[in-house]
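# Coordinate inspection notes
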Amino acid sequence: MASVAVIGGTGMNQWPGLVVHKQVRMDTPYGAPSAPLLQGKVYGIEAVFLARHGEGHRIPPHAINYRANVWALKQAGVRTVVAIAAVGAIAPWLPPGAVAVPEDLIDYTWNRQHTYSDGADAELQHVAFTEPYSERVRRELIHAALAARIDVAESGVMAVTQGPRLESAAEIRRLKRDGCDMVGMTGMPEAGLARELGLDYGCLAVSVNWAAGIGRGDIHAEIHESIDTGMERVRAILQHALPALRAGDEEMS
Ligand code: HPA
């Protein structure tokens, strides 16, 4: 059974290299996930892939059913999740095409279904979120990048904004004052929900543009130019990370 899942986002709506054995359309108490879970083998390792924005990349960040997505992975026996996120760079050390393994986040999203702890029957959980990303997953992703000879930023704070519009320059200045290094639209509530269900969750963030007001170029042109290189790096890191993540899952069981 596959214990490691990859949630792919913009730029990685599919996982070339994954030999799909089974497409599972799931239902959950929260509705249907964005897409069928693709179960198969990649680099000799059993893995699951979920396209966060759905087949054909149709679902915008604020309309993703994060609860159904994370619930479906848990139901499928997944223990470890690597979330792939395209981000805008706020910090100077994250030029377009570069990859980071964030260690913390700030949630600026609103009006998303962000918890399983609601409704009269639900168990109320105040999950610890001091470290929103699993340190085990972070470590393995960083080791994997070293093995793949890909430079990664080993930390960084991710701002998660509501979208789907990009930010204003003043909003980015505020995020910078808050201590954010990068900005994306899908990191929350995904990470919080994974914590509520006890999944080990880490993120590979790919810088695809300078955030608003940081660079001088056209943001969409930057995204177009850098996204493929960034995602190639992500796939190379995953190739090295998956065996270690899988072995870690087996040790814990
Ligand atoms: N802002 C928010 N989300 C993003 C960006 C950005 O600049 N680039 C890619 N995802």
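It should be emphasised that the depicted structure is a prediction, and the values quoted were computed from it without experimental measurement. (Residues numbered from 1 in each chain as written. Predicted model: local features only at pLDDT ≥ 70, side-chain atom pairs only at ≥ 80, totals over all residues. Heavy atoms only, no water.)

The helix and strand inventory of the protein stands at five helices and eleven strands. For 253 residues, the compact-globule estimate of 2.2 N^0.38 gives 18 Å, and the C-alpha radius of gyration of the protein, at 17 Å, lies within 12% of that figure. For the protein, contacts bridging at least 24 residues in sequence account for 81% of all contacts bridging at least 6. Within the structure as shown, the protein displays about 11500 Å² of accessible surface, and the carbon and sulfur contribution to it stands at 49%. (Helix = DSSP H or I, 4+ residues; strand = E, 2+ residues; numbered from the N terminus. Rg over C-alpha atoms; globule rule 2.2 N^0.38 Å. Contact = heavy atoms within 4.5 Å. Areas by Shrake-Rupley, 256 points an atom, 1.4 Å probe, with all protein chains shown as cover.)

Quick look at the site of the ligand now. Neighbouring residues of the ligand: Ala86, Val87, Gly88, Leu166, Glu167, Val183, Gly184, Met185, Val208 and Asn209. Measuring from a nitrogen atom of the ligand, one finds a side-chain N or O atom of Asn209 at 2.7 Å. If the ligand stood free it would expose 260 Å²; the protein chains cover 92% of that surface. Judged by the fraction of its atoms near the pocket grid, the ligand is located in the largest pocket. Mapped onto the shell around the ligand, the elements with two or more residues apiece are β5 (80-89), β10 (182-184) and β11 (200-210). (Near = heavy atom within 4 Å. Polar contact = N/O pair within 3.5 Å; in protein donor to acceptor, adjacent residues only side chain to side chain. 1 Å grid on protein atoms, 1.4 Å probe; cavity = no way out; pocket = protein on both sides within 12 Å on 5 of 7 lines; lining within 4 Å. Sits in = over half its atoms within 2 Å of the grid points.)

Turning our attention to the nonpolar core. Judged by nonpolar contacts, the single largest core of 73 residues is most densely connected at Trp15, Met158 and Leu204. If one sorts the elements of this core by residue count, helix α5 (residues 219-252) sits on top with eight residues. Excluding anything up to four places from it in sequence, Met158 contacts Ala85, Val87, Pro102, Asp104, Leu105, Ile106, Tyr133, Met182, Gly184, Cys203 and Ala205. Grouped together as the second largest cluster of nonpolar side chains are eleven residues, Tyr108, Val157, Ala211 and Ile219 included. (Core = buried A, V, L, I, M, F, W, Y, C linked by side-chain atoms within 4.5 Å. Buried < 20%, exposed > 50% of the residue type's maximum accessible area, 1.4 Å probe, protein only.)

Residue Pro164 is bonded to the preceding Gly163 through a cis peptide linkage, with omega at 0°. Structurally, Pro164 is set in the loop between β9 (157-160) and α3 (169-178). With omega at 10°, the peptide bond leading from Met188 into Pro189 counts as cis. Of note, Pro189 is situated in the loop between β10 and α4 (190-196). Although it is not a glycine, Tyr43 adopts a positive phi angle of roughly 50°. Mapped onto the elements of the fold, Tyr43 is located in the loop between β3 (37-42) and β4 (45-51).

We now examine the packing of aromatic side chains. Considering all chains together, one arrives at five aromatic pairs under this definition. Ring centres of Tyr30 and Trp71 lie 5.2 Å apart, and the angle between their planes is 65°; on these two criteria the pair is classed as edge-to-face. One end of the pair, Tyr30, is in the loop between β2 (19-24) and β3; the other, Trp71, is in helix α1 (residues 66-75), with 41 residues separating them in the sequence. Seen from their ring centres, Trp71 and Tyr116 are 5.3 Å apart, and the 50° between their planes marks the pair as tilted. With a gap of 45 residues between them, Trp71 in helix α1 and Tyr116 in the loop between β7 (104-107) and α2 (135-147) connect regions that are remote in the sequence. Trp71 sits in the partly exposed class, given a relative accessible area of 25%. A network of ring pairs unites the aromatic residues Tyr30, Trp71 and Tyr116 as a single cluster. (Phe/Tyr/Trp six-rings, centres within 6.5 Å; stacked < 30°, edge-to-face > 60°.)

According to the stated counting rule, one finds six salt bridges in the structure shown. We note a salt bridge from Asp118 to Arg67, for which the minimum N-O separation is 3.4 Å. With Asp118 in the loop between β7 and α2 and Arg67 in helix α1, the pair connects residues that are 51 residues apart, well separated along the chain. Between Arg136 and Asp200 there is a salt bridge, and its shortest N-O distance comes to 3.0 Å. Of the two residues, Arg136 is situated in helix α2 and Asp200 in strand β11; the sequence distance between them amounts to 64 residues. (Salt bridge = Lys/Arg side-chain N within 4 Å of Asp/Glu carboxyl O.)

Read these as geometric descriptors, not functional statements.
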